[in-house]
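Each chain, written out:
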Amino acid sequence: MHRLPALALAVLLSGSAAAMAQECDPNYQGACVPVASDVDCAGGNGNGPAYVQGPVYIVGEDIYELDRDGDGVACEKKK
Ligand SMILES: [Ca+2]
């Protein structure tokens, strides 16, 4: 009499949901600038693929060139 081998169908898919927290770029403060290949200002004419809603304050290097006028504040509202 043979016992059927227990099929390993009970694969646990748990544990992945908690790792979905957004990573924010440390070069910017005031808003969460996502870590992406390129980030543009939401509502602007950038092509993404990621966007951030300003204002964003540059505390490091403006690696995404969000601060076009170089005053240290990116994606600021037009005055
Ligand atoms: Ca600016």
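The preceding data block contains the structure.
Right, let's walk through the structure included here. (Residues numbered from 1 in each chain as written. Predicted model: local features only at pLDDT ≥ 70, side-chain atom pairs only at ≥ 80, totals over all residues.)

Considering the nonpolar core
In globular proteins that are soluble, nonpolar side chains generally tend to be buried together. Filter applied, for reference: Each nonpolar core consists of buried Ala, Val, Leu, Ile, Met, Phe, Trp, Tyr and Cys residues. Their C-beta atoms, within 7 Å, join them into a set. Any residue with 12 or fewer other C-beta atoms within 10 Å of its own C-beta is exposed, any with 20 or more is buried, and the rest are partly exposed; the C-beta atoms used are placed from the backbone. Note that contacts rest on C-beta atoms placed from the backbone: two residues are in contact if these are within 7 Å.
Counting residues in each nonpolar core, the largest one holds 11 residues, listed as Y28, V33, V39, C41, V52, V56, I58, Y64, L66, A74 and C75. Beyond its immediate stretch of four places on either side in the chain, I58 contacts N27, Y28, D67, G72 and A74.

Overview of the environment of V52
Operational definition: Each helix corresponds to a stretch of at least 4 residues labelled H or I by DSSP, and each strand to a stretch of at least 2 residues labelled E; elements are numbered beginning at the N terminus.
Along the chain, the position of V52 falls in strand β3 (residues 50–52). With 25 C-beta atoms packed within 10 Å, V52 lands in the buried category. The contacts of V52, once residues within four sequence positions are left out, are A31, V33, P34, V39, C41, A42 and C75.

Quick word on the sheet that holds strand β1 (residues 28–29)
Operational definition: Should DSSP find at least two bridges between two strands, the strands are taken to pair.
Reading across the sheet, the 3 strands line up as β1-β4-β5 and stay open at both edges, with antiparallel pairing between neighbours. Across the chains shown, the open sheet's two edge strands, defined by having one partner strand only, are β1 and β5 (73–74). One ladder, built from 2 bridges, connects β1 with strand β4 (residues 56–58); its direction is antiparallel. Counterpart to Q29 in the pairing with β4 is Y57.

Quick word on unusual backbone geometry
In terms of backbone geometry, most residues other than glycine have negative phi values and most peptide bonds are trans. Cis rather than trans, the peptide bond between G48 and P49 has omega equal to 15°. Inspection of the secondary structure puts P49 in the loop between β2 (39–41) and β3. Geometrically, the link from G54 to P55 is a cis peptide bond, its omega value of 5° lying close to zero. Looking at the secondary structure, you find P55 in the loop between β3 and β4. In this structure, C75 is a non-glycine residue whose phi angle is positive, near 55°. Here C75 lies in the segment after β5.

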